[in-house]
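# Remarks on the overall topology
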Number of protein chains: 2
Amino acid sequence: MSGSASLSAVTGLPVVAMVGGGQLARMTHQAAIALGQSLRVLSAGPEESAALVTADVRIGDHGDLEALRELVDGATVLTFDHEHVPTEHLRALELAGHRVAPGPAALVHAQDKLVLRAALAGAGEPQPPWARVTGADDVADFAVRHGWPVILKTPRGGYDGKGVFVVEDAAAAAELVERHGPLLAEQKVPMRRELSAQVARSPFGQVAVWPVVETVQRDGVCAEVLAPAPGLSEELATAAQELAVRIADRLGVVGMLAVELFETADGVLVNELAMRPHNSGHWTIEGARTSQFEQHLRAVLDYPLGSTAMTAPVVVMANVLGGAASSPDWTGPGLDERIHHLMAHWPDVKLHWYGKTQRAGRKLGHLTALGDDVTEVRARAVAAARYLADGVVDPAFAFAHDPEH
Amino acid sequence: MSGSASLSAVTGLPVVAMVGGGQLARMTHQAAIALGQSLRVLSAGPEESAALVTADVRIGDHGDLEALRELVDGATVLTFDHEHVPTEHLRALELAGHRVAPGPAALVHAQDKLVLRAALAGAGEPQPPWARVTGADDVADFAVRHGWPVILKTPRGGYDGKGVFVVEDAAAAAELVERHGPLLAEQKVPMRRELSAQVARSPFGQVAVWPVVETVQRDGVCAEVLAPAPGLSEELATAAQELAVRIADRLGVVGMLAVELFETADGVLVNELAMRPHNSGHWTIEGARTSQFEQHLRAVLDYPLGSTAMTAPVVVMANVLGGAASSPDWTGPGLDERIHHLMAHWPDVKLHWYGKTQRAGRKLGHLTALGDDVTEVRARAVAAARYLADGVVDPAFAFAHDPEH
């Protein structure tokens, strides 16, 4: 493999370069340390989440081919904490002999929703009814077959609910197509809930799957993840895992793949893909024998994959989104004081704070709780996250105990 | 607290500075990342274990007061990955208003074995018979009361068996006192095994203890740690934990304290102390809800302490000491290839590689295995460590399986 030519002179081990300095790179670096690695990061600025904690930071833009070339120089493999690197740049790096994981031919399915829909259709995989629409007439035709409202999505660049529109009539659709160009139209499928099936795949073709989880969204943003998905039948769980493995294999994914799913009365439908560590897998840091971050590194380095066994019967992750306590008008306890109270009250809830500037709605950190009963574990994780984000004390978790526990 | 004056301008959180760039600082940084921290490290060189992975590295000597002053400037608290900082420097930093955890008055008991023995004697805590000896006559007197051989220890600077001598007669003792000056003489107590009791203590006075572990030494170096100590009675385990808490309280320790113990027919005797994360606590990374590294940070930051509950019934840590495969003459598989095989064969053994230059006898990394049966878990951890260190495949773990598992 080409990697053998680029072992670190200091450690004698391969070097992983990651595009993006967000919390995914930050947490990947944590995992890298255990493997004898030190993640090399391309960060948009010196105060990004990962740039604050890694030794080898390059400041630059992910759209700048020269910055990418400098990043991969001497690295064994290039990988990503987001999907925004242009495909043509990745092709150029591959042509120059660099290993890119996942490669551009796979990654495009996480970058472009129309490409994904076409690929899944070709493979006969379950997904919502969809069409590429270039005008209001297309959308109206689609609605004749699948009803209003219609979901319209920008094929590229959307995340956390951005680039997703629910339209009730042709006029609204016309305006969106006018503004954004060709869009993906999807039926608003009647769903029970959202699930996520994560799989890691190595270049060797080894795959590892975790239990399928339920993702709870609020305003299009992941708020909670329940592992395993409560009440999911073994049959449907296995079907979702097999679907994720088939997609990873067919697309030739290397690294982590999260398959976001809608659960309907008839089974699961693919919503979208992420080819990197994903918010739906943060629970694995404490909740599985091998975290998604370690597994991503193992996969892109072509190391054998680790055990995905859970460490507790129930694991719940709650995101801490910038809330009341992030407002400039906030007069309650500051962040450090809130962390103090959090730790006093929930000595077994695990904190992951990303070091970012606090801003409303921003993913600032997450909390993980483990236990036996999903109602109890979820209540604990959510109350803790709510306290950290909004400074609100849930009455069910009133601070009645001795702070020392 | 003085710390509130020195929150990080970027994260709004306190800043921890650590003296020493070894694997303890490296693993503390891993834990720091989750808490929104980025450890600031004073490292002897840029290729030290922690310097390779941390963003804020100062290169300097731990004996240089100016380097220490620069290190603590703007930091909330100063702590340690080793015990080698001179007491007078720490006193000077305290006088200048800096928080030092543990403080010099506590730390000296981990730095100077004679100071420790006197303090334990004053507190009536169990320890081996001992004396300060300044000549061969003193040693001979000691031997009259406690028999030959006598253990002689340099009061300061010893670690991993260095600075410890077993002498059989007065002539050998004379030579050592001549060379080293005043020594600590100890009876070679008839012991069953060595134990370690770890406790964290915050300035607030909160304490947290983990289960007492057995430490298996080879040539004076920790080779394995078995958690909890197999077959240890609840009575003796509790006694050891209470002893550790009493010592932490009495000495005013802030941060982690490891109390290394001899188990004898009559109970436990204190061997020595470490006031920092310690090799006997590496198992807590995966094996306890809160690791010793996170707990050390929580304690020195005066955060409430985390749960010390175990995550599995049995956890075994095996050190990887530089062995045959670290020799310049080694012609077997290189480190990267050995890691590859290790992961293929033991997908549930957790690797911690420190990124250091390989050298015979050096602590290069450690492995952690979890399970239900101590014989099985220990065999797994030891076989994996032996393979990584020496390239030796234990017949009981022959690579008979499919490498993909």
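All figures in this text were calculated on a predicted structure; none of them were measured in a lab.

## Structural notes on the relation of the copies chain B and chain A
The transform that puts chain B on chain A rotates by 180 degrees and translates by 0.0 Å along the axis, for an RMSD of 0.0 Å. The symmetry that links the two subunits is that of a two-fold axis. No C-alpha of chain B lies nearer the rotation axis than that of B:Ala55, which sits 2.2 Å from it.

## A short note on the side chain of A:Arg201
Residue and element names in this part refer to chain A. Looking at the secondary structure, you find Arg 201 in strand S9 (residues 193–201). Here the side chain of Arg 201 touches Val 253 through a polar contact of 3.0 Å, landing on its backbone oxygen. Setting aside residues no more than four positions away along its own chain, Arg 201 makes contact with Gln 206, Val 207, Ala 248, Asp 249, Gly 252, Val 253, Val 254, Gly 255, Ala 299 and Leu 305.

## Remarks on the sheet that holds strand S3 (residues 56–59) of chain A
Residues and elements named next belong to chain A. Taking strand neighbours across the sheet as the criterion, the four strands line up as S3-S2-S1-S4 in an open arrangement whose pairing is parallel. Each edge of the open sheet carries a strand with a single partner, namely S3 and strand S4 (77–80). Between one strand axis and the next, the sheet turns through 25 degrees on average, direction left out of account. The pairing of strand S1 (residues 16–19) with S4 spans four bridges and is parallel. Among the inter-strand pairings, Val 16 is bridged to a residue of S4, identified as Val 77. Of the strands in this sheet, S1, strand S2 (40–43), S3 and S4 are in contact with helix H2 (residues 65–72), which crosses S2 at around 165 degrees.

## Regarding the sheet that holds strand S4 (residues 77–80) of chain B
Residue and element names in this part refer to chain B. Reading across the sheet, the four strands line up as S3-S2-S1-S4 and stay open at both edges, with parallel pairing between neighbours. Whereas interior strands pair on both sides, the edge strands pair on one side only; in this sheet they are strand S3 (56–59) and S4. On average, each strand axis in the sheet is inclined to that of its neighbour by 25 degrees, with strand direction left out of account. This element, helix H2 (residues 65–72), spans strand S1 (16–19), strand S2 (40–43), S3 and S4 of the sheet and lies at about 165 degrees to S2.

## A short note on empty space enclosed by the protein
Applying the stated rule across the entire model yields three cavities of 30 Å³ or more. The calculated volume of the largest cavity comes to roughly 710 Å³. Taken together, 31 residues form the lining of the largest cavity, with A:Gln30, A:Ile285, A:Glu286, B:Ile285 and B:Glu286 sitting closest to its centre. Those elements giving two or more residues to the lining of the largest cavity turn out to be helix H1 (23–34), helix H9 (284–287), helix H10 (292–300) and strand S16 (350–353) of chain A together with helix H1 (23–34), helix H9 (284–287), helix H10 (292–300) and strand S16 (350–353) of chain B. Of the residues assigned to the lining of the largest cavity, the class counts are 14 nonpolar, nine polar and eight charged. Quantified by volume, the second largest cavity comes out at close to 40 Å³. The wall of the second largest cavity is formed by A:Ala119, A:Leu120, A:Ala123, A:Glu125, A:Arg246, A:Ile247, A:Arg250 and A:Leu251. Where the lining of the second largest cavity is concerned, the elements lending two or more residues are helix H5 (113–123) and helix H8 (234–251) of chain A. For the lining of the second largest cavity, the element with the highest residue contribution is H8(A), accounting for four residues. Of the residues in the lining of the second largest cavity, the class split is five nonpolar, no polar and three charged.

## Re the UniProt feature "binding site: ATP" (unreviewed entry) in chain A
All names here are of chain A. According to UniProt, the feature "binding site: ATP" (unreviewed entry) maps to Lys 113, Lys 153, Glu 186, Gln 187, Lys 188, Val 189, Glu 194, Asn 271 and Glu 272 in the numbering used here. Along the chain, Glu 186 falls in strand S8 (residues 183–187). Each residue touching Glu 186, except ones within four places of it in the same chain, is listed here: Arg 117, Pro 128, Pro 129, Trp 130, Phe 142, Val 150, Ile 151 and Lys 153. A polar side-chain atom of Glu 186 sits 2.9 Å from a polar atom in the side chain of Arg 117. Structurally, Glu 272 is set in strand S14 (residues 267–274). Glu 272 gets classed as partly exposed once you look at its relative accessible area, which sits at 21%. Contacts of Glu 272, omitting those with residues within four sequence positions, involve Lys 113, Leu 116, Lys 153, Ala 258, Val 259 and Glu 260.

## Considerations on unusual backbone geometry
Residue and element names in this part refer to chain A. Omega for the peptide link from Ala 101 to Pro 102 comes to 0 degrees, which places this bond in the cis form. Looking at the element boundaries, Pro 102 is found in the loop between helix H3 (87–95) and helix H4 (104–111). The omega angle of the peptide bond from Ala 227 to Pro 228 is -10 degrees, so this bond is cis rather than trans. By secondary structure assignment, the location of Pro 228 is in the loop between strand S12 (221–227) and H8. Not every positive phi belongs to a glycine, and Asp 302 is a case in point at roughly 60 degrees. Mapped onto the fold, Asp 302 is located in the loop between H10 and strand S15 (314–321).

Cut-offs used in this document
- Counting restarts for each chain, with residues numbered from 1 along the sequence as it is written.
- Chain letters and ligand numbers both follow the written order, the letters beginning at A and the numbers at 1.
- Under the rules for a predicted model, residues below a pLDDT of 70 receive no local features and side-chain atom pairs below 80 are neither given nor counted, while totals for whole chains, interfaces and linings still include all residues.
- The side-chain values count all of the structure's non-hydrogen atoms but skip hydrogen atoms and water molecules.
- Least-squares fitting of one copy onto the other uses the C-alpha atoms of those residues that reach a pLDDT of at least 70 in both copies.
- By the criteria applied, helices consist of DSSP H or I runs no shorter than four residues and strands consist of E runs no shorter than two, each listed in order from the N terminus.
- Under this definition, polar contacts are N or O atom pairs within 3.5 Å; protein pairs additionally need one hydrogen-donor-capable and one acceptor-capable atom, and for neighbouring residues in sequence, both atoms have to be side-chain atoms.
- Only heavy atoms matter for contacts: two residues are in contact if any of them lie within 4.5 Å across the pair.
- Two strands qualify as a pair provided that DSSP identifies no fewer than 2 bridges between them.
- Each axis is a line fitted through C-alpha atoms, and for a helix only the stretch in contact is used; angles between axes span 0 to 180 degrees, taken between their N-to-C directions.
- Buriedness for pockets is judged along seven lines, at least five of which must meet protein on both sides within 12 Å for an open set on the 1 Å grid over protein atoms alone, while cavities are sets there where a 1.4 Å probe fits but cannot get out, and lining residues have an atom within 4 Å of a point.
- Grid points are joined across faces, edges and corners, and a volume is the space filled by probe spheres set on the points.
- Just so you know the grouping, Ala, Val, Leu, Ile, Met, Phe, Trp, Tyr, Cys and Pro go in nonpolar, Asp, Glu, Lys and Arg go in charged, and all remaining residues, Gly too, go in polar.
- UniProt positions are given in the numbering used here, feature names are shortened, and annotations may be inferred rather than shown by experiment.
- Each residue is assigned to one of three classes by its accessible area relative to the maximum for its type, calculated with a 1.4 Å probe on protein chains only: buried under 20%, partly exposed between the two thresholds, exposed over 50%.

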